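# Coordinate inspection notes
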Amino acid sequence: MERKEFRDLATPAEAHEAIRSLSLEAGIERVPLAEARGRVLVARMDAELDVPGFDRASLDGYALRAPDTFGADEADPATLELVGAVHAGEEPGVTVGTGEAVEISTGAVMPDGADAMVPVERTDEDGETVLVRTSVAPGDNVMFAGADVAAGERALGPGTRLTPREIGLLSALGIDEVPVRARPRVGIISTGDELVRPGGDLESARGEIYDVNSYTIAAGVEEAGGEAVVYPHAGDEQAEMERLLRQAADECDLVLSSGSTSASAVDVIYRVIEEQGELLLHGVSVKPGKPMLVGRLEGGSSNDPAGEASSGSVDGEGSSVAGGNSAYVGLPGYPVSAMMVFRTFVAPALREAAGLPEPETATRTGRLAREERSEQGRHRLVPVGITTDGDGSTLVYPVDKGSGATTSLAEADGVVEVDADTDYLEAGETVEVRLFSPDSRPPTLFGVGEDDPTMNRILDRLEHPRYLAIGSRPALRRLRDGVPDVAVVAGPLERTVDHVELGSWTREWGLIVPPGNPGDVQGVFDLLDRDLRFVNRTTDSGLRTSFDATLETTADRRGSSRRELASAIAGYDIGLRAHESPARRVIAGEADVALGLRETATHLGLEFVPIDEQSVRVLVAPDRTDKPGVSELESAVSQMNQ
């Protein structure tokens, strides 16, 4: 047989480009949540319900009416009649009236009539009465519906890799099936007459060696997000090689072979590719890895069994079948060379097709963005997120929404351990983060601020953003502290920070009422003059700020004060987070009117009573304007406004 010489060696960049030109993406599939770990979302997942779905007690103690405790202290406790008990997992069968209290356990549903609870350690039970030795305000020690995850909130975005943290969040939302990228199906064929599968009988006198590459490369494929299918190894005879390669091309998105890629007389695999497909390159100027092949391969019908499969069946239900054509990469035969070439050239392409990020080390060192105080005498694990400043240096910031909040872990990248003897960590101190996953990497954009439907759509257009919907006021504080890249704020702002305005849009806000507006609500004055149940937003929200400004104007016209008007509105003091939560109280019949956006009312099929328009502004930290993620955001905002 005529000896085939290497063609002109390609550069590494050309090899990357050749592999990139191959189509490795396997499409989209829906998988059960139980099988979703490690998969990558292809669509945004919004919360369809509040978590928790009810107002619940945060501690063991007594549910009561907050005004009944005003003025109570250790010396002069409030005496309340004990009228029942509510335990976790049961529906309350009692209503709390004036001067009454109900024993309640942690996590139990707050009974009707109660608007706060007092912990048991601040009380004394005396037969049929309870002595309350502290005063509480409405909402104290109560976790309101949607306080963890709010209905309509953007829970996870497209491109999110599902780790146990995200699986927990989706479980809390009741989601049992998710749309994900299908994993590229990769056929693996080791070539050479000298190969024997591990566990087989080895005849060293004949120069036989165990097949290392099949299972090693299969493990690399799985790690890179692909689905590995290991075929029987092929000898050096061209017909058998062609049969296996064409069968694999029929059944897989990518075929990887190892061995038989050099230019000796017995290495014929390149001839198969030239005759049965297209050879894009043969040989790369890299050491190790010079004898690499890249091309496309046409399949052929075959009734022969596929042999051993490391993941799934060759033609089983739910498999990704290439339909007769596949990409092809030939790896060197030496195991070290094969894996070096695979990790350098093939794995990145597989990860890109599977939507996975490039892996990083399991620990990361960074500068603490703000001071973190620690409880003395206890070893502490602090969940933290990582981002980068304007110079690309790693910033570490604590993430903690409370022990009952699922999203604390979903928003964190890892843990910083604090010794029991450490009182606090100073801002700027270097810390080591133990990452939850070696694949964790800082977001391309880190934003905080308003929960806004338009912002959610903009985030969907970005590569790898992280956005915390914490409201306008906390967003300004965090921007001032130098942690996020951007703050998204709305409504009149009493304080500003040094910033660059990236862009803005407007949203219409007002009152949300049931379909048809059966109460004929016309404006804010109805809340003041009629007995209507109202649901507010939290004080951190830009909508709450605008609503309070409207109350202030109304108070001036009536010769009153905003505080007096607010006290006349039933439900004013208790606000819910996220733009859909109040509206869903209206749907449930638990409120007559809710503060919200026109877009929210339209989305949920409710009626809307407009009050005003509000500007939503994107503010950027001056030292972050050159970050690629900020530039990407600016472009997305501009396109959204067109």
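My aim in this report is to walk through the structure given alongside it, one point at a time. (Residues numbered from 1 in each chain as written. Predicted model: local features only at pLDDT ≥ 70, side-chain atom pairs only at ≥ 80, totals over all residues. Heavy atoms only, no water.)

Taken as a whole and judged by the stated rule, the model has 35 salt bridges. One salt bridge in this structure joins Glu 17 and Arg 20, with 2.8 Å as the shortest N-O distance. Of this pair, Glu 17 and Arg 20 both sit in helix α1 (residues 12-20), three residues apart, roughly one helical turn. You can call Glu 17 partly exposed: its relative accessible area is 45%. Each of the salt bridges in this network shares a partner with another, and the network as a whole consists of Arg 44, Asp 46, Arg 154 and Asp 460. (Salt bridge = Lys/Arg side-chain N within 4 Å of Asp/Glu carboxyl O. Helix = DSSP H or I, 4+ residues; strand = E, 2+ residues; numbered from the N terminus. Buried < 20%, exposed > 50% of the residue type's maximum accessible area, 1.4 Å probe, protein only.)

A few words now on the nonpolar core. Membership of the largest hydrophobic core comes to 33 residues, with the highest contact counts inside it found for Ile 217, Val 221, Leu 254, Leu 256, Phe 342 and Val 346. Contributions of two or more residues to this core are made by α1, β13 (185-190), α3 (213-223), β16 (227-230), β17 (254-258), β20 (325-331) and α6 (335-354). The element best represented in this core is α6, accounting for 10 residues. Apart from residues lying up to four places away in sequence, Leu 256 is in contact with Val 186, Gly 187, Ile 188, Ile 189, Ile 217, Val 221, Val 329, Phe 342 and Val 346. If you look at the next biggest cluster of nonpolar residues, it comprises 24 residues, including Val 86, Ala 114, Val 586 and Leu 604. (Core = buried A, V, L, I, M, F, W, Y, C linked by side-chain atoms within 4.5 Å. Contact = heavy atoms within 4.5 Å.)

Next up on the list: the packing of helix α8 (residues 453-460) against helix α15 (residues 628-641). Between α8 and α15, whose axes approach to 9 Å, the crossing angle comes to 125°. By the angle between their axes, α8 is oblique relative to α15. In terms of crossing hand, the pair formed by α8 and α15 is right-handed. Judged by residue contacts, Thr 454, Met 455, Arg 457 and Ile 458 of α8 engage Leu 633, Ala 636, Val 637 and Met 640 from α15. (Axes fitted to C-alpha atoms, helices over the stretch in contact; angles between N-to-C directions. Parallel < 35°, antiparallel > 145°, perpendicular 65-115°, else oblique. Left-handed = near helix turned anticlockwise from the far one by under 90°.)

Next up on the list: the sheet that holds strand β31 (residues 500-513). With mixed pairing, eight strands are arranged side by side in an open sheet as β29-β28-β30-β35-β31-β34-β32-β33. Sheet topology places β29 (465-468) and β33 (575-576) at the edges, where each strand pairs with a single neighbour. Here β31 pairs with strand β34 (residues 593-597) via four bridges, running antiparallel. Looking across to β34, one finds that Trp 509 is bridged to Leu 597. Packing of helix α9 (residues 472-481) onto the sheet brings it into contact with β28 (445-449), β29, β30 (486-490) and β35 (607-620), and relative to β30 it is tilted by some 150°. (Pairing = 2+ DSSP bridges.)

Moving on, we come to the layout of surface pockets. Its boundaries defined by the atoms lining it, the second largest pocket holds a volume of some 1,300 Å³. It is helix α12 (residues 562-567) that contributes the most residues to the lining of the second largest pocket, four residues altogether. Of the residues contributing to the lining of the second largest pocket, the split by class is 23 nonpolar, six polar and 14 charged. (1 Å grid on protein atoms, 1.4 Å probe; cavity = no way out; pocket = protein on both sides within 12 Å on 5 of 7 lines; lining within 4 Å. Points joined across faces, edges and corners; volume = space filled by probe spheres on them. Nonpolar A, V, L, I, M, F, W, Y, C, P; charged D, E, K, R; others polar.)

This paragraph deals with the sheet that holds strand β5 (residues 78-86). On the basis of which strands lie adjacent, the open sheet formed by six strands has the order β7-β4-β6-β5-β9-β8 and mixed pairing. Only two strands of the sheet have a single partner each, and these edge strands are β7 (116-119) and β8 (123-126). Pairs of neighbouring strands in the sheet enclose a mean axial angle of 35°, with direction left out of account. Both strand β4 (residues 61-64) and β7 contribute to a ladder of four bridges, which runs antiparallel. The partner of Ala 63 across the bridge, within β7, is Met 117.

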